[in-house]
Amino acid sequence: MTAVVADGPALAAVRPSARQLAWQRLEFYGFLHFGMNTMTDREWGEGHDDPAAFDPAGLDADQWVAALASAGMTAVILTCKHHDGFCLWPSDVTAYSVAASPWRGGSGDVVAEVADAARRHGLKFGVYLSPWDRTEASYGSGTGYDDFYVAQLTELLTRYGPVFCVWLDGANGEGPDGTRQVYDWDRYYAVVRELQPDAVISVCGPDVRWCGNEAGETRPDEWSVVPRALRDAERIAERSQQADDGAFARLVRSDERDLGSRAALSGYAGELVWYPAEVNTSIRPGWFHHPAEDGQVRSADELFGLYLRAVGGNSCLLLNVPPARDGRIADGDVAVLERLGERIADFRARRIAVAAVWPWVPDEADSRPAMTLRFDRTRRIEAVVIGEDITQGQRIERLVVQGCRDGRWIRLADANAVGYQRILTFPPVEVDTVELQVVQARDTPVVARVAAIEAAR
């Protein structure tokens, strides 16, 4: 019988909000880093660059969004303002924006063009608004800068239709002797909740947790139920990028590999929250487009592996694809995204349909509860996909997958955390039956879906 830990029901009682649930179902979406840094070939602009430098003559937001959609992405987040402070929309509270540039004769609005393109292509739209601003004179003044930031946040949340995500970066390179601004995070969150109640607030926010690196590295097991202290925005900012040195993008720490297992929570007496993980990384070494990196675009094979680990590891994947100075995503990046989309579509198409009733809830009297997939013939499979009904919390703590052919069983894979979705891959094997046994759980398992993936020919 499935072992249910003594404190398991309390852990399983922590559930996602409606906005978190909708976000998790997006699975895979895109980041567009674009702005003054694109024009100056920088990662972190210092601010005060001449707005005349911003003139992407071929800007084509439909090309951007179509490229993301071709990869199977479901949404897009635009860097509306990065750390340099240059705004991609005509903000009423600063002159440092596209309105002061020659692009579109000073009448352009990149945010509007991307939001409209997203709607045309059926993708959701989100905004990135850097709390750190290297141009705004009120930065460091406390409430004065908070007023400025809230004004810009209000513009973005009231002018461009529904927003699925507000992405708050923790990066800051001011250093110990630099200007210090203590952000009024609670005030920022309140504005988002009032103006876009369905939007998740990510990274330095209470809804979506940064995975802890920008390399695309995933934890062996990702738990959505974690200590409330992990939501502390200042703590997140301290662990975010502090210098524009290029090394941070591939830095993977060895600490915090386990945030929510029973062992990690042993002795913890504080509040637990639902705080699911997002894996964010870039298709290139940098976040903004740099011509020198045109030959360093990640391959479709590498990105597909990253997708399987992230989307198949109880996380969502945020992949950055930076448009170039001319206002278009480079042909090499577009080609890789198309191949990635083909790989993902092919993987999904190879799911073996097995008649079943979901959700699956084991009989309490069953001494060996398991989900069994019996095929109509021997099949060569290379993966299994399992997802819990997370409206009932995250319950599975140990899962073993076996395959059978002609009455002989072999172990295929095992895992601890499952959550929204776990994709377990293994060398192709021919079987006629697959069994997934939950051997340990926090409460009675409630499984929303299970599938086997036939091996590619």
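Above this note sits the structure.
Let me begin by describing the structure that accompanies this report.

For the protein chain, the helix and strand inventory stands at eleven helices and 17 strands. Taking 2.2 N^0.38 as the reference for a compact globule, 457 residues should give roughly 23 Å; the C-alpha atoms of the protein chain span a radius of gyration of 23 Å, in line with that estimate. Dimensions of the protein chain, computed from C-alpha atoms along their principal axes, come out at roughly 75 × 50 × 35 Å. Considering only contacts within the protein chain whose residues lie at least 6 apart along the sequence, 80% involve residues at least 24 apart. As presented, the protein chain carries roughly 17700 Å² of accessible surface, and 48% of it is formed by carbon and sulfur atoms. Charged side chains in the protein chain number 48 positive and 67 negative. The centres of these two groups are separated by 7 Å.

Within the element layout of this structure, Ser 70 appears in helix H4 (residues 61-70). The class of Ser 70 is partly exposed, set by a relative accessible area of 29%. Discounting residues that sit within four places of it in the chain, Ser 70 has contacts with Leu 337, Glu 338 and Gly 341. Of note is the side chain of Ser 70, whose polar atom sits 2.6 Å from the backbone oxygen of Ala 67.

So, about the environment of Glu 194. Structurally, Glu 194 is set in helix H7 (residues 185-195). Residues Glu 194 and Thr 154, 40 residues apart in the sequence, show an inter-C-alpha distance of 10.0 Å.

So, on to the sheet that holds strand S4 (residues 124-129). Each strand in a sheet pairs with another by means of backbone hydrogen bonds, the pair being arranged parallel or else antiparallel. With parallel pairing, the eight strands of this open sheet are ordered in space as S6-S5-S4-S3-S2-S11-S10-S7. Only two strands of the sheet have a single partner each, and these edge strands are strand S6 (200-203) and strand S7 (209-210). Judged from the three bridges that link them, S4 and strand S5 (residues 165-168) form a sheet pairing that is parallel. Note that in S5 the partner of Tyr 128 across the bridge is Trp 167.

Right, let's get into the packing of helix H10 (residues 300-310) against helix H11 (residues 331-349). At a minimum axis separation of 9 Å, H10 and H11 run at an interaxial angle of 45 degrees. Considered as vectors, H10 and H11 are oriented oblique to each other. Seen along the crossing, H10 lies across H11 with a hand that is right-handed. Residues Ala 300, Asp 301, Leu 303, Phe 304, Tyr 307 and Leu 308 of H10 lie in contact with H11, whose contacting residues are Val 336, Arg 339, Leu 340, Arg 343, Ile 344, Phe 347 and Arg 348.

Okay, unusual backbone geometry next. Phi is positive for Val 203, which is not a glycine, with a value near 70 degrees. Mapping Val 203 onto the fold places it in strand S6. Of the residues examined, Val 203 reaches a relative accessible area of 3% and is grouped as buried. Phi is positive for Asp 406, which is not a glycine, with a value near 55 degrees. Examined against the element boundaries, Asp 406 turns out to sit in the loop between strand S14 (396-405) and strand S15 (408-415).

Criteria and thresholds
Residues numbered from 1 in each chain as written. Predicted model: local features only at pLDDT ≥ 70, side-chain atom pairs only at ≥ 80, totals over all residues. Heavy atoms only, no water. Helix = DSSP H or I, 4+ residues; strand = E, 2+ residues; numbered from the N terminus. Rg over C-alpha atoms; globule rule 2.2 N^0.38 Å. Contact = heavy atoms within 4.5 Å. Areas by Shrake-Rupley, 256 points an atom, 1.4 Å probe, with all protein chains shown as cover. Lys, Arg positive; Asp, Glu negative; His and termini not counted. Charge placed at Lys NZ, Arg CZ, Asp CG, Glu CD. Buried < 20%, exposed > 50% of the residue type's maximum accessible area, 1.4 Å probe, protein only. Polar contact = N/O pair within 3.5 Å; in protein donor to acceptor, adjacent residues only side chain to side chain. Pairing = 2+ DSSP bridges. Axes fitted to C-alpha atoms, helices over the stretch in contact; angles between N-to-C directions. Parallel < 35°, antiparallel > 145°, perpendicular 65-115°, else oblique. Left-handed = near helix turned anticlockwise from the far one by under 90°.

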